[in-house]
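# Structural description and commentary
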Amino acid sequence: MMLFRSSAAICGALLALAISVAVARSETRGDHSSTVVDAASGDAIVGAASTYNPFKPGKEEGGPKTASGERYDPSAWTAAIKTSLRRKFGGVEFGARPKYALVEAVGKKVIVKINDVGPLRPGRIIDLNERTMRHFDPSMDLGVIPDVKVSPLAGDNWTPGPVG
């Protein structure tokens, strides 16, 4: 009888553990998206996004430096914000830690590291690097994506890439 109670208690404990792990995993997945939305400032801006690649082969080893001092990397999840929006996105200055933003367009969301600034054409608010632009426009045929919503993210503990 005692052996049966011990076995039942162990089985019950294992079942409870399995259920709590499953719940925690589903909450973690769901919470990441809602955490991003919660951290996105209410000061979102809407405008057009274009793509850029300042790398000129042979000019600078490893690609040119961005405003933050990092090298431009076409395979990262990065972007350049319009120079006039620099303050809104935390400064983005040489040697300063890059900032993060949530970019939403065409039914997709991605966290980008804002590590550069630039004088963009009128109506454009952000220049996405190649990888980020391909997320929204896989064929790269559009060139410019209208009605992109960009929200600064509080803090600097973000992992750039697709959300949700």
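Cut-off values and rules
Residues numbered from 1 in each chain as written. Predicted model: local features only at pLDDT ≥ 70, side-chain atom pairs only at ≥ 80, totals over all residues. Heavy atoms only, no water. Helix = DSSP H or I, 4+ residues; strand = E, 2+ residues; numbered from the N terminus. Buried < 20%, exposed > 50% of the residue type's maximum accessible area, 1.4 Å probe, protein only. Areas by Shrake-Rupley, 256 points an atom, 1.4 Å probe, with all protein chains shown as cover. Contact = heavy atoms within 4.5 Å. Salt bridge = Lys/Arg side-chain N within 4 Å of Asp/Glu carboxyl O. Core = buried A, V, L, I, M, F, W, Y, C linked by side-chain atoms within 4.5 Å. Phe/Tyr/Trp six-rings, centres within 6.5 Å; stacked < 30°, edge-to-face > 60°. pLDDT = per-residue confidence, 0-100.

## Some words on the overall build of the protein
Counting secondary structure elements, the protein contains two helices and seven strands. Helices and strands appear in the protein in the N-to-C order α-β-β-β-β-β-α-β-β. The burial tally for the protein puts 36% of its 164 residues in the buried class. Counting every atom, the protein has about 9500 Å² of accessible surface; 57% of that belongs to carbon and sulfur.

## So, the environment of Ala105
Relative to the helices and strands, Ala105 resides in strand β3 (residues 99-105). With a relative accessible area of 6%, Ala105 lands in the buried category. Between the C-alpha atom of Ala105 and that of Ala49, which follows or precedes it by 56 residues, the distance is 9.2 Å. For Ala105, the contacting residues outside a window of four places in its chain are Phe136, Ile145 and Val148.

## Some thoughts on unusual backbone geometry
The phi torsion at Val106 lies on the positive side, around 40 degrees, for a residue other than glycine. Mapped onto the elements, Val106 comes out in the loop between β3 and β4 (108-118). Overall, Val106 belongs to the exposed group, its relative accessible area being 55%. Here the phi dihedral of Met140 falls at roughly 60 degrees; this positive angle occurs in a residue that is not glycine. Mapped onto the secondary structure, Met140 falls in the loop between α2 (130-136) and β6 (144-153).

## Quick look at the pattern of salt bridges
Considering all chains together, one arrives at two salt bridges under this definition. A salt bridge links Lys113 to Glu70; the nearest nitrogen and oxygen atoms lie 3.2 Å apart. Note that Lys113 is positioned in strand β4 and Glu70 in the loop between β1 (45-51) and β2 (78-82), a separation of 43 residues in sequence. Here Arg134 and Glu130 are joined by a salt bridge, their closest N and O atoms 3.2 Å apart.

## Re the nonpolar core
With 24 residues, the main nonpolar core has Ile81, Phe89, Val103, Ile114, Ile126 and Val150 as its most contacted residues. Only β1, β2, β3, β4, β5 (124-128), α2 and β6 provide two or more residues apiece to this core. If you tally residues by element for this core, the top one is β4, at four residues. Beyond its immediate sequence surroundings of up to four residues, Val103 is in contact with Lys108, Lys109, Val110, Val112, Ile126, Phe136, Val148, Lys149 and Val150. Within the second largest apolar cluster, six residues are counted, among which are Tyr100, Leu102, Ile111 and Val163.

## Section: the packing of aromatic side chains
For any pair of aromatic rings, geometry is given as the distance between the ring centres together with the angle between the planes. On inspection of all chains with the given rule, the structure shows one aromatic pair. Judged by centre distance (5.3 Å) and plane angle (65 degrees), the ring pair of Tyr52 and Tyr72 falls under edge-to-face. Residue Tyr52 is found in the loop between β1 and β2, and its partner Tyr72 is found in the loop between β1 and β2; the two are separated by 20 residues along the sequence. Each member of the pair, Tyr52 together with Tyr72, is buried.

## Quick word on the confidence of the model for the protein
With 66% of its residues at a pLDDT of 70 or more, the protein has an overall mean of 74. Looking at the elements of the protein, mean pLDDT is at its lowest for helix α1 (residues 2-39), recorded as 42, and at its highest for strand β7 (residues 161-163), recorded as 94.

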